[in-house]
Amino acid sequence: MDIKSIIDKIYETSEATIDEITAILASKETDYLFSVADHTRKEYCKDKIHLRGIIEFSNYCRCECLYCGIRCHNRSLQRYRMELDEIVETAKAAYEIGYKTIILQSGEDLWYTREKISSLIRRIKALGDVAITLSLGERDYEDYKQWKQDGADRYLLKHETADEDLYNRLHPHSSFKKRLQCLRWLKKLGYQPGSGFMIGLPGQNLTTIAKDILLLKELDVDMAGIGPFLPHPATPLGENHAGSGLLTLKALAVARILLKRTHLPATTALEVQNRNNRENAFHAGANVIMRKVQASKYRQLYDIYPKKSIVEKDLKQEKAEIESYIQKIGRQIADDRGDAIPLI
Ligand code: SAH
């Protein structure tokens, strides 16, 4: 089968094999792939882009992820923790200017006990009709259960790579099995689960990426972040090459055509790598964008991968900028919370 026929088949059946996806990823023809992905996005997500406000509230982390700049062994990083009151104030300011989803993300920091996170969720939910996405890494089943009862709506926990051996090498403190178990717990507890993976991890190949996309389907996630690996100099992978932006866009497009209704962000890593990638992502299946909303003094310190230095701007100004950008590319900011898109 030629590439176009494979793409048509995946679009029509919402099924794909590892070989079919690998063939698409290896192909140099991308126009048709991106146009079918864009068409699928329009059919299922319309022209609406969901804007999510993310609060990266702590860069303390107990993990040793070989790629990540906030890993516990990076002694050169200045660590910070936001107080609960400060996190709630930040969420309130974002909610009041129109953010309808607040993502609470941090390193795996057990200083924030089950009770502290519970109180955060309850206080933020009391602000109004706001969705909460948690992204706090691997925690106990009882933690996840309690936070769902407190009102958390979604949980973002990327599987990072579907290659079990590679996963276990990159995450010496945990295991692929544990990660999948957490994702299954989250689904069972009624969260709208989110996963995702990186492109360009050393040891990864196109077959791995095909498996990554198929794993998203198997886990039946409501959102998935696909971004390039960006080497951080203070990590064991600091000398490696960054993942390809083009390959990331191709994986995003295949994910849109296969999964149809999953929320797919133009990831921050893609944008940091190259500004044009953001627009390309919005024409290759993406329908979500996240903006950091914590104070600028913390943004630079949430140093998972290297980025340009941060210009201090007012929250309102940042929101106005992203809105005008979205209009410029012919899309609109969604005015609903952007929950899971139901199957049709
Ligand atoms: N502790 C949370 C949040 C982790 S940081 C958790 O475990 O889920 C959020 C995401 O940043 C990770 O899931 C990973 O995919 C991404 N990330 C970390 N280091 C990166 C790097 N060097 N390049 C690109 N993405 C990276």
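You'll find the structure just up there.
Definitions and limits used
Residues numbered from 1 in each chain as written. Predicted model: local features only at pLDDT ≥ 70, side-chain atom pairs only at ≥ 80, totals over all residues. Heavy atoms only, no water. Axes fitted to C-alpha atoms, helices over the stretch in contact; angles between N-to-C directions. Helix = DSSP H or I, 4+ residues; strand = E, 2+ residues; numbered from the N terminus. Contact = heavy atoms within 4.5 Å. Nonpolar A, V, L, I, M, F, W, Y, C, P; charged D, E, K, R; others polar. Parallel < 35°, antiparallel > 145°, perpendicular 65-115°, else oblique. Left-handed = near helix turned anticlockwise from the far one by under 90°. Salt bridge = Lys/Arg side-chain N within 4 Å of Asp/Glu carboxyl O. Buried < 20%, exposed > 50% of the residue type's maximum accessible area, 1.4 Å probe, protein only. Expected span 1.5 Å × (residues − 1). Arc of directions from axis to C-beta. Polar contact = N/O pair within 3.5 Å; in protein donor to acceptor, adjacent residues only side chain to side chain. Near = heavy atom within 4 Å. Pairing = 2+ DSSP bridges. Right-handed = clockwise from strand over helix to strand, strands pointing away.

Trainee: It is not clear to me how the packing of helix α8 (residues 176-188) against helix α9 (residues 206-219) should be interpreted in this structure. Could you clarify?
Mentor: Two elements in contact, α8 and α9, have axes separated by 11 Å at closest approach and are oriented at 35°. Along its contact with α8, which presents Phe176, Leu180, Leu183, Arg184 and Lys187, the element α9 presents Leu215, Glu218 and Leu219. Class assignment of the residues belonging to the contact of α8 with α9 gives a composition of five nonpolar, no polar and three charged.

Trainee: When you look at the packing of helix α1 (residues 3-13) against helix α3 (residues 31-45) in this model, what are you seeing that I'm missing?
Mentor: Two quantities define a packed helix pair, namely the angle between the helix axes and the distance between the axes. Contact geometry of α1 with α3 gives a least axis separation of 10 Å together with a crossing angle of 15°. Classed by the angle they form, the pair α1 and α3 counts as roughly parallel. Regarding α1 and α3, the two cross each other, and that crossing is right-handed. Residues Lys4, Ile7, Asp8 and Tyr11 of α1 form the contact with α3, whose own contacting residues are Tyr32, Leu33, Val36, His39, Thr40 and Glu43. When its residues are assigned to classes, the contact of α1 with α3 shows five nonpolar, two polar and three charged.

Trainee: Would you mind showing me how to read the pattern of salt bridges here?
Mentor: For side chains of opposite charge, pairing can occur when their charged atoms come near one another. Inspection of every chain in the model, using the stated rule, returns 29 salt bridges. We note a salt bridge from Arg81 to Asp109, for which the minimum N-O separation is 2.8 Å. Here Arg81, found in the loop between β1 (48-58) and α4 (84-96), pairs with Asp109, found in the loop between β2 (101-106) and α5 (114-125); they are 28 residues apart in sequence, far enough to count as distant. For Arg81, a relative accessible area of 31% gives the class partly exposed. By relative accessible area, which is 6% here, Asp109 ends up buried. Here Arg299 makes a salt bridge to Glu318, at a shortest N to O gap of 2.8 Å. Of this pair, Arg299 sits in helix α13 (residues 296-299) while Glu318 sits in helix α14 (residues 315-328), and the two are 19 residues apart along the sequence. Note on Arg299: relative accessible area 8%, which makes it buried. Salt bridges linked by common partners bring Lys125, Asp129, Asp153, Arg154, Arg337 and Asp339 together as one network.

Trainee: Can you walk me through α3 in this structure?
Mentor: In an α-helix, one turn spans 3.6 residues, which is why side chains three or four residues apart end up on the same side. Under the 1.5 Å per step criterion, the end-to-end length of α3 is 21 Å for 15 residues, consistent within 8% with the ideal 21 Å. Taken together, the buried positions of α3 are occupied by Leu33, Phe34, Val36, Ala37, Thr40, Arg41 and Cys45. The buried side chains of α3 occupy one side of the element, clustering within an arc of 165° when seen end-on. Its buried side turned inward, α3 meets α1, α2 (18-26), β1, α10 (245-259) and α12 (275-282). Looking one or two residues beyond α3, the residue adopting positive phi is Lys46, at roughly 55°.

Trainee: Would you take a moment to explain the side chain of Gln294 for this structure?
Mentor: Examined against the element boundaries, Gln294 turns out to sit in the loop between β7 (288-292) and α13. A relative accessible area of 0% means that Gln294 is categorised as buried. Reaching out from Gln294, the side chain makes a polar contact with the side chain of Glu56 at a distance of 2.8 Å. With residues near it in sequence (within four places) discarded, Gln294 still touches Ile54, Ile55, Glu56, Tyr80, Met82, Thr90 and Arg299.

Trainee: Where do I start with the site of the ligand in this structure?
Mentor: Taken together, 16 residues are adjacent to the ligand, and Tyr67, Ser106, Glu160, Pro228 and Leu230 come closest. With respect to the ligand, the backbone of Ser106 contributes an N or O atom lying 3.1 Å from a nitrogen atom. Measuring from a nitrogen atom of the ligand, one finds a backbone N or O atom of Leu230 at 2.8 Å. Here the residues of the shell around the ligand are counted per class, giving ten nonpolar, three polar and three charged.

Trainee: I'm lost on unusual backbone geometry in this one. Help?
Mentor: What is expected of a backbone is that most residues other than glycine have negative phi and most peptide bonds are trans. One non-glycine residue, Ser14, adopts positive backbone phi at about 55°. By secondary structure assignment, the location of Ser14 is in the loop between α1 and α2. For Lys46, which is not glycine, the phi dihedral falls at a positive 55°. Locating Lys46 in the fold gives a position in the loop between α3 and β1.

Trainee: So what exactly am I meant to see when it comes to the pairing of strand β5 (residues 192-199) here?
Mentor: Two faces make up the sheet, and in a regular strand the side chains alternate between them. Of all eight residues that make up β5, eight are buried, and the element is covered over most of its length. Relative to strand β6 (residues 223-228), β5 runs parallel, the two being bridged by six bridges. Across the sheet, residue Ser195 finds its bridge partner in β6, namely Ala224. Following the chain from β5 across α9 to the adjacent parallel β6, one finds a crossover that is right-handed.

Read these as geometric descriptors, not functional statements.
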